[in-house]
Structures are given as C-alpha cells and as structure tokens.
Amino acid sequence: MPRKARRAQLLESALEVFVAQGYHAAAMDDIAERAGVSKPVLYQHFPGKLDLYLALLDSSCDQIIENCRRALDSTDDNKLRVAASITAFYDYVAAESGAFRLVFESDLTSDPTVRDNLERVTTGCAKMIAEVIHEDTDLPGDAAHLLAVSLVGMAQVSARYWMADSSTLSRDQAVELIAGLAWRGIRGYPRL
C-alpha cells in the first residue's frame, strides 16, 4: 500500500480506537490490530501514541475551523450566517466518526500541545466571527471578540449537550432553537 494511503488507513483506525476508548485506555496494539497491520508498521508512520493522537487532533481542529469559515462565507445575510455557523458545529458533533470527542472531550488536556490545539478551535472560529461582528457593528475589537467567543461556546456546548441528551429534538430543531437564541442576541448590535 502506498505510504499516503497507509497513513490514512492508520489514522482512520486510530480515530475509531481513540473515540471508543479515549487516549489513556487506547493502546498501539489495538490500533495496529484495527488497521490490520503489525505494530512495527504503525511505528514506521507514527513514533508514538501521542504523535498519532496529535495528528488526528490537528486534522479534527482544522476541519472545525474550515467548517466555520465555509459557514461564514456562505452568505452576506448575518441571520443566515448565525444559523450556518451553529449548523456547522451540530453537523460536526453529529458526524458518525465521533471525532468531536477528540476535540471537545479529550482526556489529555493536561498536555500543553493538546490544550493549545483545543484552544485553537475556539480562537480560530472566534477570530473569524469577531471580524464579521466588528465590520458590521463597529464594536471595538475586544467587544466583538468576546461576543464571538460566546457564540462559539454556545454552539459547541449546546451541540454536545444535544448529542448526549438523547433528546427528542431533531438536529434541525435544535439548530433552529440555538440559532434563534444567538440571532436574537447578536442582532441587538445594529449593522452599520
């Protein structure tokens, strides 16, 4: 198998194991077995379990930030931007892969590299949202940033709660409720 394809296979298998077991309980043996390779093959691509986890975490964080960027770029209508951004978080949390667990429920937050990567999601998404808020409302940068961080927090915490709650609310219903709440708040800062 070509190196790039093998790496993708190993990452996919590792994701399944880390999501199911968490970082600390996952073993390189389990990952190699899931991928159908020997441990030496796994170690040829990733020197250790942390390296493998960080590769997955980095990719997962990039995906969330890109989803947020696409949501903001999808329209110039701010009400629709709010809904699209909330939807991006709900879609990510509801994805079958369960990758959101690496980002929002990591059992390795004591590691500075992991913590920095996790913080990158909030700061990356909030930075983009703050730019829109600042441009539209002329609020000072610090105020726009605080509002943006609050919106990101609302989106990710409510999405995780919805996923874990076994609610009878569909994803669309949950998104509509949270987007409505966010829009009612943010529209209070009039567009220039």
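Residues numbered from 1 in each chain as written. Predicted model: local features only at pLDDT ≥ 70, side-chain atom pairs only at ≥ 80, totals over all residues. Heavy atoms only, no water.

Now for the pattern of salt bridges. A complete count under the given rule lists 12 salt bridges for this structure. Residues Arg-120 and Asp-58 are paired through a salt bridge, measuring 2.9 Å at the closest nitrogen-oxygen approach. Remark: Asp-58 occurs in helix 4 (residues 49–73) and Arg-120 occurs in helix 7 (residues 112–137); sequence separation between them is 62 residues. The partly exposed category is assigned to Arg-120, whose relative accessible area is 25%. Between Asp-62 and Arg-120 there is a salt bridge, with the nearest N and O atoms lying 2.7 Å from each other. You can see Asp-62 sitting in helix 4 and its partner Arg-120 sitting in helix 7, a full 58 residues away along the chain. (Salt bridge = Lys/Arg side-chain N within 4 Å of Asp/Glu carboxyl O. Helix = DSSP H or I, 4+ residues; strand = E, 2+ residues; numbered from the N terminus. Buried < 20%, exposed > 50% of the residue type's maximum accessible area, 1.4 Å probe, protein only.)

Turning next to helix 2 (residues 28–35). Because an α-helix packs 3.6 residues into every turn, residues spaced three or four apart end up facing the same way. Every buried residue of helix 2 is accounted for by Met-28, Ile-31, Ala-32 and Ala-35. End-on, the buried residues of helix 2 take up no more than an arc of 95°, which puts them together on one face. Looking one or two residues past helix 2, Gly-36 carries a phi angle of roughly 75°, positive in sign. (Arc of directions from axis to C-beta.)

Our next topic: the environment of Ile-65. Mapping Ile-65 onto the fold places it in helix 4. Linking Ile-65 and Met-128, residues 63 residues apart in sequence, is a C-alpha distance of 9.2 Å. Contact partners of Ile-65, with chain neighbours within four places excluded, come to Arg-120, Val-121, Gly-124, Cys-125 and Met-128. (Contact = heavy atoms within 4.5 Å.)

We now examine the packing of helix 4 against helix 7. Packing of helix 4 against helix 7 leaves a shortest axis separation of 9 Å and a crossing angle of 5°. Judged by the angle between their axes, helix 4 and helix 7 are roughly parallel. Residues Leu-50, Tyr-53, Leu-54, Leu-57, Asp-58, Cys-61, Asp-62, Ile-64, Ile-65, Cys-68, Arg-69 and Leu-72 of helix 4 pack against Thr-113, Val-114, Asn-117, Leu-118, Arg-120, Val-121, Gly-124, Cys-125, Met-128 and Ile-129 of helix 7. A class-by-class count of the residues in the contact of helix 4 with helix 7 yields 15 nonpolar, 3 polar and 4 charged. (Axes fitted to C-alpha atoms, helices over the stretch in contact; angles between N-to-C directions. Parallel < 35°, antiparallel > 145°, perpendicular 65-115°, else oblique. Nonpolar A, V, L, I, M, F, W, Y, C, P; charged D, E, K, R; others polar.)

Attention shifts here to the nonpolar core. With 64 residues, the main nonpolar core has Phe-18, Leu-52, Leu-57, Val-103, Phe-104 and Ile-133 as its most contacted residues. Breaking this core down by element, the ones donating at least two residues are helix 1 (3–25), helix 2, helix 4, helix 5 (78–94), helix 6 (100–104), helix 7, helix 8 (141–165) and helix 9 (171–186). Sort the elements by how many residues they give to this core and helix 4 lands first, with 11 residues. Non-local contacts of Val-103, meaning those with residues more than four positions away in its chain, are made with Leu-57, Ser-60, Cys-61, Ile-64, Tyr-92, Leu-118 and Val-121. (Core = buried A, V, L, I, M, F, W, Y, C linked by side-chain atoms within 4.5 Å.)

With that settled, the discussion passes to the environment of Leu-80. With respect to the helices and strands, Leu-80 occurs in helix 5. C-alpha separation for the pair Leu-80 and Ser-60, spaced 20 residues apart in sequence, amounts to 25 Å.

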